[in-house]
Amino acid sequence: MASDKQAADAAVIELSKVSTSFGAHVVHTEVDLQIRQSEVFALIGGSGSGKSTLLREMILLQRPNSGSIRVLDVDLQDIGDDEALALRRRWGVMFQHGGLFGSLTVQENVGLPLREHTRLDDALIDEIAAWKLALTGLKPEVGAQYPSELSGGMMKRASLARALALDPELLFLDEPTAGLDPDSAGGVDQLVRKLRDLFGLTIVMITHDLDLLWQVADRAAVLGEGKVQGIGSMSELSQMHQPGIRMFFDGPRGRAAQQQEEHQAERNAGRKP
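Conventions used here
Residues numbered from 1 in each chain as written. Predicted model: local features only at pLDDT ≥ 70, side-chain atom pairs only at ≥ 80, totals over all residues. Heavy atoms only, no water. Core = buried A, V, L, I, M, F, W, Y, C linked by side-chain atoms within 4.5 Å. Buried < 20%, exposed > 50% of the residue type's maximum accessible area, 1.4 Å probe, protein only. Helix = DSSP H or I, 4+ residues; strand = E, 2+ residues; numbered from the N terminus. Contact = heavy atoms within 4.5 Å. Axes fitted to C-alpha atoms, helices over the stretch in contact; angles between N-to-C directions. Parallel < 35°, antiparallel > 145°, perpendicular 65-115°, else oblique. Left-handed = near helix turned anticlockwise from the far one by under 90°. Nonpolar A, V, L, I, M, F, W, Y, C, P; charged D, E, K, R; others polar.

S.K.: Please give an account of the nonpolar core that cites residues and values.
M.R.: If you look at the biggest cluster of nonpolar residues, it comprises 32 residues, and the most contacted ones within it are Leu160, Leu171, Leu173, Leu195 and Met205. Breaking this core down by element, the ones donating at least two residues are β3 (40–45), α6 (152–163), β7 (170–174), α7 (182–199), β8 (202–206), α8 (210–216), β9 (219–224) and α9 (234–237). The residues touching Leu195, leaving out its near neighbours within four places in the chain, are Leu135, Leu160, Leu164, Leu171, Gly200 and Leu201.

The structure is reproduced here in structure tokens:
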């Protein structure tokens, strides 16, 4: 029987020697990654490092030129349509710009996956959608609004509620705090932690938000020059010396985020008996 530690460390996503190119432009060369069960894993890197491409390959929006990707123990190479549909029901995706349908109310947007993939009646779907909105911190009246009426922070939360509609095992977040003011971004930080702790979700996110990385990510992979430059916790990455990694720690924002996390750790330690 596997030990608890082995179960906790089980790989939910495995990438082996994944290579991607568009014509003469090489995006990735033999990328290897393992993302563990119930961890918050971040993909970070400069513009053009291939973060979004890698995410799209994980969620079946495009295929790499070579290598293998397994998600929830399913090999994505040569996957059939029925198997792909079943797999998509097991994950949720929060897109960077929300991806909500402007002609539908927020509650209708959140309920849409349930209408597409279940036989639940409309009244029950509306109840579930309202619960998902409440779970992400939105007030009940927001459900009757249209996406064009929402602030940036509310749009992010509504998009997250829709990603949670089918009770996924795996959650993908594409720049969850991009464009938000500090207060709204801080609320998303807390929400991501809550979701992982409440439901044991495995969360994969792309982000440039250094506060989010320090406060939420269990591990991060730094992409650059077509390869993984380093993988580890933010504390572990902060001790590495590759130039592609140092850019996240040596600037004013990087130092400020690291100091804030260190001060928070000290306060938490002071509260322990």
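S.K.: Provide a residue-level description of the packing of helix α4 (residues 106–117) against helix α5 (residues 122–135), including the pertinent values.
M.R.: Running from amino to carboxyl end, α4 crosses α5 at an angle of 120 degrees, the nearest separation of the two axes being 8 Å. By the criterion of interaxial angle, the relationship of α4 to α5 is oblique. Between α4 and α5 the crossing geometry is right-handed. Of α5, the residues touching α4 (which contributes Val106, Gln107, Val110, Gly111, Leu114 and Arg115) are Asp122, Ile125, Asp126, Ile128, Ala129, Ala130, Lys132 and Leu133. Residues belonging to the contact of α4 with α5 are distributed by class as follows: 8 nonpolar, 2 polar and 4 charged.

S.K.: Summarise the environment of Ile231; cite the residues concerned and give the values.
M.R.: With respect to the element layout, Ile231 can be found in strand β10 (residues 227–232). The partly exposed category is assigned to Ile231, whose relative accessible area is 32%. In this structure, the C-alpha to C-alpha distance between Ile231 and Ile245, residues 14 residues apart in sequence, is 9.8 Å. When neighbours within four sequence positions are excluded, Ile231 is seen to be in contact with Asp32, Leu33, Phe41, Arg219, Ala220, Ala221, Leu237 and Met240.

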